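Reading the structure
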Amino acid sequence: MPSSFFKEEIVSFTNMVKGFEDQLAYGQAAALFDELTPDQMVHTRDRIWVDTPMIGSSYDGFDQTSNFDGLTELVVPASVGFHKASPKTLSAKNLRNERAMTRWMDAAKTKLAADVNAAVRRRVALEGAIFTKRTVAPTGFEDLAVSQAQMDEIGVPADDRLFFVGTRSAIGIAANLAGRSTMGKEALDAYSKSKLIDVAGYEVHRDDQPIRLAAAAGGAVTVNGANQYWEPAAFTTEPDGEQVNRDNRYSQLVVAGAGVANIKAGDAFTIAGVNALHRISKQDTGQLQTFRVISVNTGTNTLTIAPAIISNQGNTIAGREYQNVTATPAAGASLTWLNTTTAELNPFFNRRSVLLLPGSYKVEQGDGWAVAKATTPKFGLPITYTRQGNINDLSLKARVDIDFGTALLAPDQAGVVMFNQA
């Protein structure tokens, strides 16, 4: 730490870094990706490609002569796309208060940690493809168990599952726990402290800032055109012969309907006749596959959706291995909107499907400013404190900065529960 800092600045910054990760409710729920150096990130413009879970094939019998096939290794892009700063100007009068710096840094820590949580929350809540529609208010075990069943039946790994319950929704769940007298201390804690416990295979957390999603307003919408399916591939070949990585998380769906312009990111729907498959065994779950809208091109009536529609209509090796639905949507098939009432989103996901990426940037002593740098203990998130004096009015400009990125590697290993849906 440079000696040009006041003692209270050194102490305040050190304490801020130590306590930063304690406030990362969503940040700590994500998996860490820190495999690249700053030099490598410069050359990739802070964008990298990360491996996704691989799905294999198996065949009957000893003679496998005709079954040797190529390896399809899918990757998805992830980028360090967030740089957040908390800047302040402190007058010479402000600086007489030794507590001012401590209080400001504590406030900066809270806000910047909230920014990290918000980025991870939005990634999961608005892109997770599994949608659990509950027509009732939150009641407890069944609320989580239904989403657990949805994850189980498509083969999402059972370990490292997390569930974030909005504060309002948590009231009903805690009330349900409080009424279970056979649970002893857990029921007492639910009653006296509104405390939640792990339920239905999930590590359960309370979310004080859940995203509210408005009711879908797309109206009557149908699939416009046949053969709208996605053929997974590790790369595409450009006209000049160059092979370029391909993102297989999403596909496009052309639709028709007067309300297409009202469709928004986050809306959830099913398509008539398109059931979900277990991702490993390819067994029909008997349940319609749920989809989320990632973006809308109103000019072409095209939705970008997650997960990609992989029906293996093309009968390829990759299509067979990564098939996730029973059929390609039929032309004219109806979309049924699932988020029918405005409500909060309660995300759940497998930890390995969500990444938090520490960023990197360079700011050094010089040009009249002083710099203190540190990284958080667990995730290695870079935090800098920079200040510069102004001789004109004896004020001091100071800022705290952080750099990071998020990614959802597998949209079908994440989702949301919405309560009180019509």
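Residues numbered from 1 in each chain as written. Predicted model: local features only at pLDDT ≥ 70, side-chain atom pairs only at ≥ 80, totals over all residues. Heavy atoms only, no water.

1. Points about the pairing of strand S21 (residues 369–375)
The criterion, for reference: When DSSP finds at least two bridges between two strands, those strands are taken to pair. Each helix is a run of DSSP H or I of at least 4 residues and each strand a run of E of at least 2, with the numbering of both proceeding from the N terminus.
Where S21 and strand S22 (residues 382–390) come together, seven bridges link them in antiparallel fashion. Along S22, the bridge assignment pairs valine 371 with threonine 386. Once S21 ends, the chain turns through six residues before running back antiparallel as S22, passing glycine 380 with a positive phi of about 65°.

2. A short note on the sheet that holds strand S19 (residues 346–350)
The pairing of strands in a sheet comes from backbone hydrogen bonds and takes either a parallel or an antiparallel form. We apply this condition: Comment: axis = line fitted to C-alpha atoms, over the contacting stretch for helices; angle = value between 0 and 180 degrees taken between N-to-C directions.
In spatial order, the strands read S4-S24-S19-S5-S6; together these five strands make up an open sheet with mixed pairing. Since the sheet does not close on itself, it has two edges, and those belong to strand S4 (130–133) and strand S6 (203–207), each with one partner. When the angles between neighbouring strand axes are averaged without regard to direction, this sheet yields 20°. Bridge count between strand S5 (residues 161–166) and S6: five bridges; the pairing is parallel. Bridged to leucine 162 within S6 is glutamate 203.

3. So, the packing of aromatic side chains
Filter applied, for reference: Each aromatic pair joins two rings of Phe, Tyr and Trp (for Trp, the six-membered one) with centres within 6.5 Å, and gets the label stacked for planes under 30 degrees apart, edge-to-face for over 60, and tilted for any other angle. Remark: a charge is flagged as sitting over a ring if the NZ atom of Lys or the CZ atom of Arg is within 6 Å of the ring centre and within 35 degrees of the ring normal.
Under the defined criterion, the tally for this structure stands at 10 aromatic pairs. Look at phenylalanine 82 and phenylalanine 404: their rings are 5.1 Å apart centre to centre, the planes differ by 15°, and that puts the pair in the stacked class. Here phenylalanine 404 lies in strand S23 (residues 395–408) and phenylalanine 82 lies in strand S3 (residues 75–90), a separation of 322 residues in the sequence. Joined through ring pairs, the aromatic side chains of Phe13, Trp104 and Tyr385 make up one cluster. Stacked on the ring of tryptophan 230, the Lys or Arg arginine 246 has its end atom at 4.1 Å from the ring centre.

4. With respect to the sheet that holds strand S16 (residues 302–306)
Definition in use: Whether two residues are in contact is decided by their heavy atoms, any of which lying within 4.5 Å being enough.
Read around the barrel, six strands follow the order S8-S11-S16-S15-S12-S17 and close on themselves; strand pairing throughout is antiparallel. The mean inter-strand angle of the sheet, taken between neighbouring strand axes irrespective of direction, is 50°. Where strand S12 (residues 268–271) lies against strand S15 (residues 291–297), two bridges are found, and the strand directions are antiparallel. Bridge assignment links alanine 268 to a residue of S15, and that residue is arginine 292. Helix H3 (residues 98–127) rests against S15 and S16 of the sheet, and its axis sits at about 100° to S15.

5. Regarding the nonpolar core
As a rule of thumb, nonpolar side chains are buried together in soluble globular proteins. What counts here: Each nonpolar core is a collection of buried residues, namely Ala, Val, Leu, Ile, Met, Phe, Trp, Tyr and Cys, held together in the definition by side-chain atoms within 4.5 Å. Burial classification: accessible surface area is computed with a 1.4 Å probe over protein chains only, and a residue below 20% of its type maximum counts as buried, one above 50% as exposed, and the rest as partly exposed.
Formed by 36 residues in total, the largest nonpolar core has its most connected members in Phe20 and Tyr385. For this core, the elements supplying multiple residues, two or more each, are helix H1 (7–20), H3, S5, strand S20 (354–358), S22 and S23. If one sorts the elements of this core by residue count, H3 sits on top with 10 residues. Judged by nonpolar contacts, the second largest core, of 18 residues, contains Val260, Phe269, Ile309 and Ala333.

6. Quick word on the environment of alanine 410
Locating alanine 410 in the fold gives a position in the loop between S23 and strand S24 (414–418). Once the C-alpha coordinates of alanine 410 and glutamate 127 are considered, the two residues, 283 residues apart in sequence, prove to be 9.5 Å apart.

7. Digging into unusual backbone geometry
For the bond from alanine 306 to proline 307, the omega torsion is -5°, close enough to zero to count as cis. Along the chain, the position of proline 307 falls in the loop between S16 and helix H7 (317–322). For aspartate 160, which is not glycine, the phi torsion reads 55° and is therefore positive. For aspartate 160, the position within the fold is in the loop between helix H4 (141–153) and S5. Judged by its relative accessible area of 36%, aspartate 160 is partly exposed.

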